[in-house]
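# Geometric and topological summary
Listed below are the residues making up each chain.
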Amino acid sequence: MTDSFLLWTILILACFAGYFVVWGVTPALHSPLMSVSNAISGVVVLGALITAGATEFSSAKILGLIAVVLASINIFGGFIVSQRMLLMFKKKEKPLPQEVKQHD
Amino acid sequence: MTNSLLLISYLLSAVLFILSIRSLAAPDTARKGNLLGIFGMILAIVATLFSSLVSDTLWVGLALIVGALIGSYFALKVKMTALPQMIAAFNGLGGLSAVLISLAEILSGSALYVENALGLLIGAIAFSGSILAFAKLQGLISAKPLHFPLQRTFNLMLALLVIASCAHFVITGQIEPFYLLAVASLVLGVTLVLPIGGADMPIVISILNSYSGWAAVGIGFSLNNILLIIVGAIVGASGAILSYIMTKAMNRSLMSVIFGSLGESSAASVQEVNQQAKAGDPQDAAFIMENASKVIIVPGYGMAVAQAQHILKEMAEVLASKYNVEVKFAIHPVAGRMPGHMNVLLAEANVPYEDVFELEAINREFATADVAYVIGANDVTNPLAKTDSSSPIFGMPVLEVGKAKTVFFVKRSLATGYSGVDNPLFYAPNTFMLYGDAKKVTEEITSVLEQ
C-alpha cells in the first residue's frame, strides 16, 4: 500500500514536471521534442533488460530479448534523428546590418 | 552494484531527461540538451546492466547492439520529409516492446495483473496505431480517412471487449483473457487510426507519442521502476500537450478528430464561386518582389511535397542580398505532417531560424509587407476562418496574408485545401495565382531574379 502510494506520488509529480517543461519548448523545436521524447520513452528498455536478464532460458527471456532489440532501435534511432535535426538549426552566418533581430 | 546505487543512478537519469527536454526551449541550447538525454539513457542502461536485476549480460548486450545498429542505420538514412513516418515507426516499436515485456512478466508469474494489463493495453494500441500511421504517411495505404459501415458501433463493441477481457484477466489472472486483451487492443489501435488522415496526421502522431509514454508508466508500475514512471509521465504529458496545441491550431476537438467529423460536415459547405481569380506569371512575380522592401514567405505542406525548400531558400537569399529585400518566413502550427515539421524542413535548407516566425509573432507584420508569397498552403490562410461562422474551419487561427499589398499563391489549381472550403483570397483584387509545381515556379522566379 505504502509502496504503491509512493509510485503514485512519483507519477503525479512527474506529470507536473512534464507539463511545465514541455510548455517551455519553443514551437520551432516541436519535431525534435517529439523525437527526443520518443527516444527517452525507449527507457522501457530497462524493463526489457530485467526480463531478458534472467539466467535460465525461457519463453519470457526470449520475449525480453526481442523487447530489448525493439527498445534499443527506438532509443538509438530517436536520439540520432534528433541530433540530425538539431544540427540543422543554425543561426545566421553574417547578419545583415539592416536586419532587426526579433527573435524571442 | 547495490540497490541504492541503482536508485541514485535512476534519479540522476531522470534529472538529465528533464533537463534535456528543458533545453529544447531555445535552438542554441537544444543540441547540448540532446546529449544530456543520451547521457541519461547510457547511465540508466549501464546501471541496470550491472545491477543484481540482470544476471545474463551477454545476450542482453548482444540484443542492445543489434537494436543499436538497426536504429542507427534507419535514423541516418531517413530523409527529413519522411520524418513523421520514421517517428511513427520508432514509436510503434516502443509500444511493441511494452507489450512483450508485460507478456513476459505474466508468463514468468507476475501477480501485478492491473499494471501488466495496462502496459499491454496501451502498448498494443500505440504499436498497431503507429504502424498504421506509418503506412499512411509512407503512402503504403491511402492517407485519406477511411470509413466503413457501422464503424462507431464496431469500435464501441471492441472497446467493450477490451474492458471485459481486461477485467476478466485482472480478476482471474488467467492467460486466455490476457491474450484476448492483446488481440482486441491491437485491433482497436488500427480502427482508431483508420478514420483519421490527411491534415489530422500531426494530431494522431502526437497522441500515439503520448500513448507510448503511458505504456512505459504501466510497465514502471509492474516492475516497480521509478525511472520508467517518471519518463513515461513526461513523454505522456509531452504527447498530450502537442496534441492539444495541434487541435487548437486546427480548431478541432479531440473528439471530432477521433470520429472524423470534419470530412462529413465540409462536403456541404463547398460553395460555387463564380468569381475570377487572376493568374500571374513568374516574371511579374519576380518584378514585384525585387521592388518590395518586405516579403513574407508562407510555406505549407505542398512546398514540402514538391521539395521546394532549397530553391525557396535560394530565392530568399537572392532577394535579400541582391535587392536588399527583408525576407521572413511565416509558419502555421499545422504546416507539415507533424508538429514543427516545417521548421525542420526550412532548417534543412539552411534557412536561419531567426528568419522563421510563428503565427502569433508574424501576423501583425503582414500589414506592413509588400508581398506575401504563399507556397503550397491554403486553409491556413483562409479568412473565412475569421468571418464565416458556418465554415468548418471557423475559429481556426490563420495567417493574415491578405493584408499584404500583393499576395502570390503558388498552387497547381484553384482546388480547395484539405478542409474542402473555398478560399476567397484567391479572388481578392490584390491576389495573383501562380499556377504550377511549387518548385518549378520558384525556380523560374529565382532565375529571373538572378538575371
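Our structure's up above, just so we're on the same page.
Okay, so let's go over this structure. Keep in mind that this is a model prediction, so the values were computed, not measured. Residue positions are given per chain, counting from 1 as you read along its sequence in written order. Chains and ligands are labelled sequentially in the order written, the chains with letters from A and the ligands with numbers from 1. For this predicted model, a pLDDT threshold of at least 70 governs which residues receive local features, and a threshold of 80 or more governs which side-chain atom pairs are given and counted, while totals over whole chains, interfaces and linings are taken from all residues. Values reported for side chains reflect all heavy atoms of the structure, with hydrogen atoms and water molecules removed beforehand.

### Some words on the overall build of chain A
For clarity, the threshold we go by: Secondary structure is summarised from DSSP: a helix means a run of H or I of at least four residues, a strand means a run of E of at least two, and numbering begins at the N terminus for each. The classification of residues rests on relative accessible area computed with a 1.4 Å probe and restricted to protein chains. Under 20% of the type maximum is buried, over 50% is exposed, and intermediate values are partly exposed. Note on definitions: a residue-residue contact is assigned when non-hydrogen atoms from the two residues lie within 4.5 Å.
Scanning chain A from N- to C-terminus turns up four helices and zero strands. Helices and strands appear in chain A in the N-to-C order α-α-α-α. Per-residue burial over chain A gives 58% buried out of 104 residues. By sequence separation, contacts in chain A at least 24 residues apart represent 60% of the contacts at least 6 residues apart.

### Description of the overall build of chain B
The criterion, for reference: Note on areas: Shrake-Rupley with a 1.4 Å probe; residue coverage comes only from the protein chains shown.
When helices and strands are tallied, chain B shows 18 helices and six strands. Counting only residues that meet the buried cut, chain B has 59% of its 451 residues in that class. Restricting the contact set of chain B to residue pairs at least 6 apart, pairs at least 24 apart contribute 77%. In the form shown here, chain B has an accessible surface area of approximately 17,800 Å², with 66% of it arising from carbon and sulfur atoms.

### Points about the layout of surface pockets
To keep things clear, this is the line we draw: A pocket here means an open set of points on a 1 Å grid, computed over the protein atoms alone, that has protein on both sides within 12 Å along at least five of seven lines. A cavity is instead a set of points where a 1.4 Å probe fits but cannot get out; residues with an atom within 4 Å of a point line either one. Grid points are joined across faces, edges and corners, and a volume is the space filled by probe spheres set on the points. Three classes are used: nonpolar for Ala, Val, Leu, Ile, Met, Phe, Trp, Tyr, Cys and Pro, charged for Asp, Glu, Lys and Arg, and polar for all others, with Gly counted as polar.
Here the second largest pocket is characterised by a volume of approximately 670 Å³. Looking at the lining of the second largest pocket, the elements with two or more residues in it are helix 1 (2-23) of chain A together with helix 9 (226-249), helix 15 (341-348), strand 3 (356-358) and helix 16 (359-362) of chain B. Taken together, the residues of the lining of the second largest pocket sort by class into 27 nonpolar, eight polar and four charged.

### What to know about the nonpolar core
If you look at soluble globular proteins, the nonpolar side chains tend to sit buried side by side. Let me state the cut-off plainly: Only buried residues count toward a nonpolar core, which is a set of Ala, Val, Leu, Ile, Met, Phe, Trp, Tyr and Cys residues joined through side-chain atoms within 4.5 Å.
Ranked by size, the top nonpolar core spans 189 residues in total, and within it Leu-46 and Leu-49 of chain A together with Met-289, Ile-297, Tyr-373 and Ile-445 of chain B carry the most contacts. Ranked by the residues each element gives to this core, the list is headed by helix 4 (residues 59-88) of chain A, at 15 residues. Setting aside residues no more than four positions away along its own chain, Ile-445 of chain B makes contact with Pro-282, Ala-285, Ala-286, Met-289, Met-315, Tyr-373 and Leu-434 of chain B.

### What to know about the interface of chain A and chain B
Counted only if it meets this: Buried area adds together the accessible area that both of two parts lose upon being put together, with accessible area traced by a 1.4 Å probe. Basic side-chain nitrogens of Lys or Arg form a salt bridge, by our definition, when they fall within 4 Å of a carboxyl oxygen of Asp or Glu. Any N or O atom pair separated by 3.5 Å or less is treated as a polar contact, with the protein-specific requirement of one donor-capable and one acceptor-capable atom, and with residues adjacent in sequence counted only for side-chain atom pairs.
With 85 residues of chain A in contact, the opposing surface of chain B contributes 103 residues. When chain A packs against chain B, the two sides together hide about 8,400 Å² of surface, and 75% of this comes from carbon and sulfur. Our enumeration of links across chain A and chain B arrives at two salt bridges. Close ionic contact of Lys-61 of chain A with Asp-56 of chain B constitutes a salt bridge, the shortest N to O distance being 2.3 Å. The interface formed by chain A and chain B includes 23 residue pairs in polar contact (both at pLDDT 80 or more). Of all the secondary-structure elements, those providing two or more residues to the side of chain A that touches chain B are helix 1, helix 2 (30-41), helix 3 (45-52) and helix 4 of chain A. Residue contributions to the side of chain A that touches chain B peak at 28 residues, all from helix 4 of chain A.

### Some thoughts on helix 2 of chain A
Residues and elements named next belong to chain A. To keep it simple, the criterion reads: Multiplying one less than the number of residues by 1.5 Å gives the expected span of a helix.
Helix length check: helix 2, at twelve residues, gives a terminal C-alpha distance of 16 Å against a target of 16 Å (1.5 Å per residue), a fit within 8%. Within helix 2, twelve of the twelve residues are buried, which leaves the element mostly enclosed by the surrounding structure. Those residues of helix 2 lying buried are His-30, Ser-31, Pro-32, Leu-33, Met-34, Ser-35, Val-36, Ser-37, Asn-38, Ala-39, Ile-40 and Ser-41.

### Points about the packing of helix 4 of chain A against helix 3 (residues 57-77) of chain B
How two helices pack is summed up by the angle between their axes together with the distance between the axes. Note the following rule: Simply put, an axis is a line fit to the C-alpha atoms, just over the touching stretch for a helix, and the angle between two N-to-C directions goes from 0 to 180 degrees. For a crossing to be left-handed, the near helix must be turned anticlockwise from the far one by less than a right angle; the clockwise case is right-handed.
For the pair helix 4 of chain A and helix 3 of chain B, interaxial distance at closest approach is 7 Å and the crossing angle is 35°. Like other packed secondary-structure pairs, helix 4 of chain A and helix 3 of chain B cross with a definite hand, here right-handed. Within the contact of helix 4 of chain A with helix 3 of chain B, the residues separate by chemical class into 16 nonpolar, five polar and two charged.

### Comments concerning a negative patch on the surface
All names here are of chain B. Spelled out, the test is: Note that patches include only residues with greater than 30% relative accessible area and no salt bridge, and the join distances are 9 Å for like charges and 5 Å for nonpolar side chains (Val, Leu, Ile, Met, Phe, Trp, Tyr). The sign given to each residue is positive for Lys and Arg and negative for Asp and Glu; His and the chain ends receive no count. Throughout, a charge is located at the NZ atom of Lys, the CZ atom of Arg, the CG atom of Asp or the CD atom of Glu.
A contiguous patch of negative charge, built from Asp-281, Asp-284, Glu-314, Glu-443, Glu-444 and Glu-450, is present on the exposed surface. The element best represented in the negative patch is helix 18 (residues 438-450), accounting for three residues. Tracing the backbone shows Glu-314 in helix 14 (residues 309-323). Accessibility expressed as a relative area gives 35% for Glu-314, which makes it partly exposed.

### What about the pattern of salt bridges?
Residue and element names in this part refer to chain B. One pass over the full model with this rule turns up ten salt bridges over all chains. With a shortest N-O distance of 2.7 Å, Glu-365 and Lys-294 are connected by a salt bridge. You can see Glu-365 sitting in the loop between helix 16 and strand 4 (371-375) and its partner Lys-294 sitting in strand 1 (residues 294-299), a full 71 residues away along the chain. Between Asp-437 and Arg-412 there is a salt bridge; the shortest N-O distance is 3.2 Å. A residue pair is termed long-range when its members are at least 10 positions apart, and Asp-437 in the loop between strand 6 (431-435) and helix 18 and Arg-412 in the loop between strand 5 (406-411) and strand 6 qualify at 25 residues. On the basis of relative accessibility, which here comes to 65%, the residue Arg-412 falls in the exposed class. When salt bridges with common partners are traced through the structure, they connect Lys-294, Glu-326, Lys-328 and Glu-365 into a single cluster.

### Description of the sheet that holds strand 5 of chain B
Residues and elements named next belong to chain B. Put simply, the test is: The criterion for strand pairing is that DSSP finds at least two bridges linking the strands in question.
If you trace the six strands from one edge of the open sheet to the other, you get 3-2-1-4-5-6, paired in parallel fashion. Looking at the sheet topology across the chains shown, the edges are occupied by strand 3 and strand 6. Strand-to-strand twist across the sheet, computed as the mean angle between neighbouring axes with direction ignored, equals 25°. Packed on one face of the sheet, helix 18 meets strand 4, strand 5 and strand 6 and runs near 145° to strand 4.

### Section: unusual backbone geometry
Non-glycine residue Asn-224 of chain B carries a positive phi angle of around 60°. In this fold, Asn-224 of chain B is placed in the loop between helix 8 (201-223) and helix 9.

### Some remarks on the environment of Ala-361 of chain B
Locating Ala-361 of chain B in the fold gives a position in helix 16. Separated by 31 residues in the primary sequence, Ala-361 of chain B and Ala-330 of chain B have C-alpha atoms spaced 8.7 Å apart.

Without other data, these values stay purely geometric and don't point to any function.
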